[in-house]
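Structural description and commentary
So you can see what is in the structure, the chains are spelled out below.
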Amino acid sequence: MAIEGGTTLSEIYQSSKKLLLRTRDGLERLERLEFSSSNGFDSPELSFSIKRDISQIQSLCAEMDRLWRSVASKPQRDLWKRKVEQVSEEVDSLKESLDKYFLRNQKRVLEAKERAELFERANGDSSHILRIFDDEAQAMQSARNSSLMLEEAYSTGVAILSKYSEQRDRLKRAQRKALDILNTVGLSNSVLKLVERRHRVDKWIAYTGMAVTIIVVYAFWRWTH
């Protein structure tokens, strides 16, 4: 099965598997960073990249779910169904792991903020620590908002491509119907050329008749005068 641009179901599946591998590797690096530091080191760029890859895999799953249903052979259709379901389950598991990471990180930030507030009340000179954690919390919220916007943009793009594919299929069906009608009527190229040739002959006959008429009228006028 092929889609717009010549991309096949198999190529989409291979792309999704590569993204799954990259996402798993990114999650492992993120967790190593998290547990290698007593304060739970966070990497907003890495977590945002993983979130973006997960959204892309989900979009590919939606496209593959549409395409495998059009496979003609039932055994092949069942095989692709299992493959797509497997990719979907894997990406759901990765998304769940990333969501848990975000919850743990948010909990650490809140706990650190509470400790800073207690420290400020005890010493009265640690307001700058609160500002640091506030900035970190705002950066995390901004990253999550950006991830949500990216996910919505992917979903919108998938919907637009699906509509475009449906319109293209309808245009193809209309084109085939028009060709069938022309074949039924029997307007072949040879018949059209014959009609055109007959039209040219009739036109020259008409021109010749007019010229002869003019010559006869002119000769009669000369003879009478």
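Residues numbered from 1 in each chain as written. Predicted model: local features only at pLDDT ≥ 70, side-chain atom pairs only at ≥ 80, totals over all residues. Heavy atoms only, no water.

As recorded in an unreviewed UniProt entry, the protein chain goes by Membrin and comes from Tetracentron sinense. The Function (unreviewed entry) field of the UniProt record for the protein chain holds the comment "Involved in transport of proteins from the cis/medial-Golgi to the trans-Golgi network." According to its UniProt record, the protein chain has this under Subcellular location (unreviewed entry): "Golgi apparatus membrane". (UniProt positions renumbered as here; feature names shortened; annotations may be inferred.)

A short note on the packing of aromatic side chains
To describe a pair of aromatic rings, one takes the distance between the centres and the angle between the planes. Summed over the entire model, instances satisfying the criterion amount to five aromatic pairs. Both rings, one in Tyr 101 and one in Phe 102, keep their centres 5.9 Å apart while their planes meet at 55°; by these two values the pair is tilted. Residue classification places Phe 102 among the buried residues on the basis of a relative accessible area of 15%. Ring geometry for Phe 220 and Trp 223: centres 6.3 Å apart, planes at 40°, overall tilted. Of the two residues, Phe 220 and Trp 223 both sit in helix α5 (residues 189–224), three residues apart, roughly one turn of that helix. The same class applies to Phe 220 as to Trp 223, namely exposed. Lying over the aromatic face of Tyr 13, Lys 83 brings its terminal NZ or CZ to 5.3 Å of the ring centre. If you follow Lys 83 out to its NZ or CZ, it ends over the ring of Trp 80, 4.6 Å from the centre. (Phe/Tyr/Trp six-rings, centres within 6.5 Å; stacked < 30°, edge-to-face > 60°. Buried < 20%, exposed > 50% of the residue type's maximum accessible area, 1.4 Å probe, protein only. Helix = DSSP H or I, 4+ residues; strand = E, 2+ residues; numbered from the N terminus. Lys NZ or Arg CZ within 6 Å of the ring centre and 35° of its normal.)

Remarks on a positive patch on the surface
On the surface, a cluster of positive charge is contributed by Arg 170, Arg 173, Arg 176 and Lys 177. The topology assignment puts Arg 173 in helix α4 (residues 127–185). (Patch = residues over 30% accessible without salt bridge, like charges linked within 9 Å, V, L, I, M, F, W, Y side chains within 5 Å. Areas by Shrake-Rupley, 256 points an atom, 1.4 Å probe, with all protein chains shown as cover. Salt bridge = Lys/Arg side-chain N within 4 Å of Asp/Glu carboxyl O. Lys, Arg positive; Asp, Glu negative; His and termini not counted. Charge placed at Lys NZ, Arg CZ, Asp CG, Glu CD.)

Focus on the environment of Ser 88
Turning to its location among the elements, Ser 88 is positioned in helix α3 (residues 74–123). Along the sequence, Ser 88 and Cys 61 sit 27 residues apart, while their C-alpha atoms lie 6.3 Å from each other.

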